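# Descriptive structure summary
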Amino acid sequence: MPEPHLSELLEVAVVVARQAADLALAHRLLGVADVGTKSTDTDLVTAADRAVEQLIRGLLGTYRPGETILGEELGTGTVADEAGPAAVGRVRWVVDPIDGTVNYVYGIPHYAVSVAAEVDGVSSVGVVRHAVTGQTWSAVRGQGAWRDGVRLRGSSCTDLSRALVATGFAYHTAGRARQARVVAGVLPLVRDIRRFGAASLDLCAAAEGRVDAYFETGLSAWDHAAGGLVAAEAGLRVGGLRGAPAGPDLVLAAPHPLYDQLHDLLDDLRPPSDPAMPDPAATLAGDSGH
Ligand code: IPD
Ligand code: CA
């Protein structure tokens with residue numbers, strides 16, 4: 001199979017994210033409809049989440065027929081027409097139609113569309129579009145990260161005690177209790193903590209240096225696929241627990257001089273008996289999302 005052109009994937013991701021973000025905003029202006037819950041009572045989904053993902057699937061089906069997609073609301077499939085055979089392509093799209101659904105429901109103007117393309121399993125293109133402001137972050141593997149044409153470099157903070165650190169919390173009660181214990185251990189050791197409510201935007205904020213670092217446990221691929229690439233291409237180190245790639249156990253993005261300190265602190269604070277956070281992707285079969 002020929003090597004996919006990353007510039008073409010980027011172009012598609014930008015167009016898809018823009019149209020998807022416009023649809024999310026249009027729905028919001030009409031009022032939030034069909035608010036339901038997924039994995040827990042705090043894990044919300046709306047008609048807009050589903051409509052935006054349907055739009056994304058339709059657009060990718062037009063621009064990139066036959067490629068695979070993993071989306072938060074509708075799971076895994078091909079973006080070919082429904083009748084088409086599953087393609088054995090090299091590209092997989094990983095999308096979150098609305099990242100920051102709780103903000104969206106409450107009218108807090110901080111939510112985004114996240115579109116990433118993996119080539120042969122490697123995150124290669126990432127686009128995050130803030131649905132309200134229209135700010136768009138993008139990255140191509142090996143080619144840098146931008147916000148609306150501005151090259152991003154991340155924070156140059158070297159001192160953990162001066163670091164502004166963003167994080168987020170899972171929807172599962174037990175997971176939250178563990179996360180709260182970790183945050184209680186981190187907070188006295190850093191400048192401050194921020195919780196904005198959209199992981200993709202947190203990673204883009206780290207890429208910009210609007211926060212110095214970001215960590216979260218329990219995330220799904222769609223939450224961090226695009227933003228993680230933006231942060232990495234902005235020069236931050238992005239990874240997971242104990243040398244693993246970023247994943248459900250940990251997504252950490254930090255300037256290189258801070259990374260090991262923060263990682264080791266998070267690892268130390270992790271309760272010894274703490275089982276790995278449930279892998280939300282594993283629950284997709286029943287369309288239960290996360
Ligand atoms: C959530 C947000 C939130 C993070 C949660 C995610 P959703 O995604 O990114 O900031 O803390 O872990 O699940 O549900 O709004 O798409
Ligand atoms: Ca979402």
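Check the entry above for the structure.
Below is a summary of the structure that appears in this document. (Residues numbered from 1 in each chain as written. Chains lettered and ligands numbered in written order. Predicted model: local features only at pLDDT ≥ 70, side-chain atom pairs only at ≥ 80, totals over all residues. Heavy atoms only, no water.)

Turning our attention to the sheet that holds strand E15 (residues 251–254). Read across the open sheet, the 5 strands follow the order E12-E11-E13-E15-E14; overall the sheet is mixed. Each of the sheet's edge strands pairs with one partner strand only, and the pair in question is strand E12 (192–194) and strand E14 (237–239). Averaged over neighbouring strand pairs, the angle between their axes works out to 20° when direction is ignored. Alignment of strand E11 (residues 164–167) against E12, held across 3 bridges, turns out to be parallel. (Pairing = 2+ DSSP bridges. Helix = DSSP H or I, 4+ residues; strand = E, 2+ residues; numbered from the N terminus. Axes fitted to C-alpha atoms, helices over the stretch in contact; angles between N-to-C directions.)

This part covers helix H4 (residues 173–186). Taking 1.5 Å per residue, 14 residues should reach 20 Å; H4 reaches 20 Å between its end C-alpha atoms and fits that length. By the burial criterion, the buried members of H4 are Gly175, Arg178, Gln179, Val182, Val183, Gly185 and Val186. Buried residues along H4 cover an arc of 155° about the axis, so they all sit on one side. Residues of H4 that are exposed and point more than 90 degrees away from the buried face comprise Thr173, Ala174 and Ala184. Looking at the buried positions of H4, the neighbouring elements they touch are E11, E12, strand E13 (213–216) and helix H7 (256–269). (Expected span 1.5 Å × (residues − 1). Buried < 20%, exposed > 50% of the residue type's maximum accessible area, 1.4 Å probe, protein only. Arc of directions from axis to C-beta. Contact = heavy atoms within 4.5 Å.)

Next up on the list: the packing of H4 against H7. H7 packs onto H4 with a crossing angle of 130° between their chain directions and a minimal axis gap of 9 Å. Taken together, H4 and H7 sit at an angle that is classed as oblique. Once H4 is placed against H7, the crossing between them reads as right-handed. Every residue of H7 that contacts H4 at Val182, Gly185 and Val186 is listed here: Leu265, Leu266 and Leu269. (Parallel < 35°, antiparallel > 145°, perpendicular 65-115°, else oblique. Left-handed = near helix turned anticlockwise from the far one by under 90°.)

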